[in-house]
Amino acid sequence: MGSLALPLLTLVLAAPTFEARSLYGVELGAPVKAVKAAFAPVGKKTEAATWAEQTRGRITQLTWTCDAKAGCFALPAAADFYFVDGKLASAALRFDTERAPTDVSPPRALFELEAQSGLGPPDARLSAVGRQTRYFQRDGVTIAWVQDGPDTEIKLSLDRLDPVGRAEAVAAGAPPQGLEKLVGGKDYAAAHLAIGQRDFDLAVRALEEARGLKKASPLLTEQATLVLALALAARAQARGPGAASKADLDRARALAPALVPDLDALEAGLKAPASRPTTP
């Protein structure tokens, strides 16, 4: 094990409640200033990393980036922290093999991290196009451990402030007990199941329901809006050209402006005449 992996192991051993709410010094439920002060990635020249902050209504997003061009190499290499009403609701830590310290093996360091965390077996597993996700539900916190090729992302969500992770875990097969107490959670989980079954009508209805709940977490509302736009696009593609598909794509554009180029390309593809096979 590389010398920089020892502080990582020490940090894990010093934080036996990681499975509940903490990782790399970050505590779910903490305010922005406390998160910035406590975050402790392991690596080289982490002081050269940058912070960026943006606010969307009740949501504050804090992004930490370790740029190799500045000589910064760390585990994790990047992180996003999402706050609701000033409290840390979820965190996404990304481990990039190309931006890891040279004397640390990311797979080995993550193996040690998981072994010392006490997480135990996952509550659900999901596999999609080479992307493997394991979900753990522990004491009001959902942890998604995502393996995508050589890279890893660990997502921690405080269920009461961000029920998206919990709902996705249930959709993947985790026990549903308690999800009904998280506003919008059951609808969001139902939508994910419906998308997997290509029942886009049901998915759209469930997501509309989740978005309409006034007491839902703004993070769930924001994510449900994005997924609704994607579900509308998928329904339009399944329907083929026509007025109904155009209406779905127009609505998707309004919901997710960032997707407009992709939605325009989809609509153009629907309008294009089917190619005919050439005669040899």
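Before reading further, recall that the structure is shown in the block above.
Note that this is a predicted model, so its numbers are computed, not measured.

Draft legend 1. Layout of the packing of aromatic side chains. Going through the model one piece at a time under the given rule, you end up with five aromatic pairs. With a centroid separation of 6.0 Å and an interplanar angle of 45 degrees, the aromatic rings of Tyr24 and Phe95 are classed as tilted. Here Tyr24, found in the loop between β1 (22-23) and β2 (26-27), pairs with Phe95, found in strand β8 (residues 87-95); they are 71 residues apart in sequence, far enough to count as distant. In this structure Phe95 comes out as buried when scored by relative accessible area, which is 2%. Look at Phe39 and Trp64: their rings are 5.2 Å apart centre to centre, the planes differ by 85 degrees, and that puts the pair in the edge-to-face class. Of this pair, Phe39 sits in the loop between α3 (32-38) and β3 (42-44) while Trp64 sits in strand β5 (residues 59-65), placing them 25 residues apart in sequence.

Draft legend 2. Here's a closer look at the pairing of β8. When you tally the buried positions in β8, you get seven out of nine residues, the bulk of the element. As judged from the seven bridges shared by strand β7 (residues 78-84) and β8, these two strands associate in the antiparallel manner. Of the residues in β8, the one forming a bridge with Asp80 is Ala92. Here β7 folds back onto β8, and the loop between the two strands holds two residues, one of which, Asp85, carries a positive phi near 55 degrees.

Quick notes on the rules
- Residues numbered from 1 in each chain as written.
- Predicted model: local features only at pLDDT ≥ 70, side-chain atom pairs only at ≥ 80, totals over all residues.
- Heavy atoms only, no water.
- Phe/Tyr/Trp six-rings, centres within 6.5 Å; stacked < 30°, edge-to-face > 60°.
- Helix = DSSP H or I, 4+ residues; strand = E, 2+ residues; numbered from the N terminus.
- Buried < 20%, exposed > 50% of the residue type's maximum accessible area, 1.4 Å probe, protein only.
- Pairing = 2+ DSSP bridges.

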